[in-house]
Amino acid sequence: PALLRSLVGSEMCIRDRSSSDKIDPLVYLRESNLTKANADIKNLAIEAKNGFNENENLEISHKLAVPKISKIVINAGIGAIKEDNKAIEKIKKDLSLITGQSPVVRMSKKAIASFKVRKGMPVGLSVTLRKNMMMEFYDRLVNIAMPRIKDFRGYNKKSFDGQGNITIGIKDHIIFPEISVENVENIFGFDITIATSANNDKEGYELLKLMNFPFLN
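Everything numeric here is computed off the predicted structure, so don't read it as measured data.

Caption draft 1: Representation of the overall build of the chain in the model. From N to C terminus, the chain includes 5 helices and 7 strands. Secondary structure elements of the chain, listed N to C terminal, follow the sequence α-β-β-α-β-α-β-β-α-β-β-α. When the 217 residues of the chain are sorted by exposure, 35% land in the buried category. Pairs at least 24 apart in sequence give 64% of the contacts found in the chain among residues at least 6 apart. Surface summary for the chain: the accessible area is close to 13,800 Å², and the carbon and sulfur share equals 50%.

Next comes the structure, spelled out in structure tokens:
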């Protein structure tokens, strides 16, 4: 929200030609982005089919068989602050700002004495994004957050799990513009899993490459 207000101006408002009522620029931009994301999803199947067929090893017989992103899962470990409820709430709030969705607190299923973990103790946070929220997060991740990573050169395509899904790690959550650095007490990292409907890693790689995912080399 702070970034959008800086882009459109805090005093700026957009007027509809058929009405004199003022429209919140944040709501307007959000609706425009979601409409554009939906249009991109529809056009991607045709573009991906053409792109896949150019590769001899990836023959797609029908546009409905083209792989797509099914969900994005964000997992953040709590670690040493698992007994600090205030710190957990801060991480939960920051993840909510980043993903636009309230995270779920994951509890330990058994006690592990060597890690000082009791059964039922919070050990992590998880968010699962689908549809519009998923595409909006993917757009901000690839086009805004990743370019802000220090010495970033891209992710290795060996990060795929063999079934077309890829998991990447984010060391500092402050790369997202929704987070105000002045108010950050604990910098934490998290894993992002992009799950696709691809049958293998080659299809998943071609799909994400068409969607401007930054791969190494």
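Caption draft 2: Representation of helix α5 (residues 201-210) within the structure. Of all the residues in α5, the buried ones are E203, G204, Y205, E206, L207 and L208. Capping of α5 at its N-terminal end is provided by N200; its side-chain oxygen lies 3.2 Å from the backbone amide nitrogen of K202. N212 occupies a position one or two residues after α5 and carries a positive phi of about 65°.

Caption draft 3: Quick peek at the pairing of strand β3 (residues 69-77). Here 6 bridges tie β3 to strand β7 (residues 190-196), and the two strands are oriented antiparallel to one another. Bridging from a neighbouring strand, V73 pairs with T193 of β7. Of the pairings in the sheet, the one linking β3 to strand β5 (residues 122-129) comprises 6 bridges and is antiparallel in character. Across the sheet, the residue bridging to A76 is L125, located in β5.

Caption draft 4: Looking closely at the environment of I72. Within the secondary structure, I72 sits in strand β3. Residues I72 and A195, spaced 123 residues apart in sequence, show a C-alpha to C-alpha distance of 6.0 Å. Setting aside residues up to four positions removed in sequence, I72 forms contacts with V127, T128, L129, M134, F137, Y138, I192, T193 and I194.

Caption draft 5: Quick peek at the side chain of S108. Summarising the element assignment, S108 is placed in the loop between β4 (104-107) and β5. A relative accessible area of 11% places S108 in the buried class. Polar side-chain contacts of S108 include one of 2.5 Å to the backbone oxygen of R118. Ignoring anything within four residues of it in the chain, the contact list for S108 reads V117, R118, K119, G120, M121 and V123.

Caption draft 6: Geometry of the nonpolar core. Residues F190, I192 and F213 are the most contacted members of the largest nonpolar core, which totals 36 residues. Mapped onto this core, the elements with two or more residues apiece are β3, α3 (85-99), β5, α4 (131-145), β6 (166-170), β7 and α5. Among the elements that line this core, the one with the most residues is α4, at 7 residues. The contact partners of I192, leaving out residues within four places of it in the chain, are I72, V73, I74, F137, L141, I166, T167, I168 and I170.

Rules behind the numbers
- Just so you know, the residues in each chain are numbered from 1, in the order the chain's sequence is written.
- Only residues with pLDDT of 70 or above have their local features reported here, since the model is predicted, and side-chain atom pairs are shown and tallied only from 80 upward, although totals for entire chains, interfaces and linings are computed over all residues.
- Note that water and hydrogens are dropped before the side-chain values are worked out from all heavy atoms of the structure.
- Secondary structure elements follow DSSP: runs of H or I no shorter than four residues count as helices, runs of E no shorter than two count as strands, and numbering proceeds from the N terminus.
- Burial classification: accessible surface area is computed with a 1.4 Å probe over protein chains only, and a residue below 20% of its type maximum counts as buried, one above 50% as exposed, and the rest as partly exposed.
- Any two residues whose heavy atoms approach within 4.5 Å at even a single point are treated as in contact.
- In this description, accessible areas are obtained by the Shrake-Rupley approach with a 1.4 Å probe, and a residue is regarded as covered only by the protein chains that are shown.
- Whenever two N or O atoms come within 3.5 Å, that pair is a polar contact, provided that in protein one can donate a hydrogen and the other can accept it, and provided that, for residues adjacent in sequence, both atoms are side-chain atoms.
- Strands were regarded as paired on the criterion that DSSP finds at least two bridges between them.
- Residues grouped as a nonpolar core are buried Ala, Val, Leu, Ile, Met, Phe, Trp, Tyr and Cys residues, joined through side-chain atoms within 4.5 Å.

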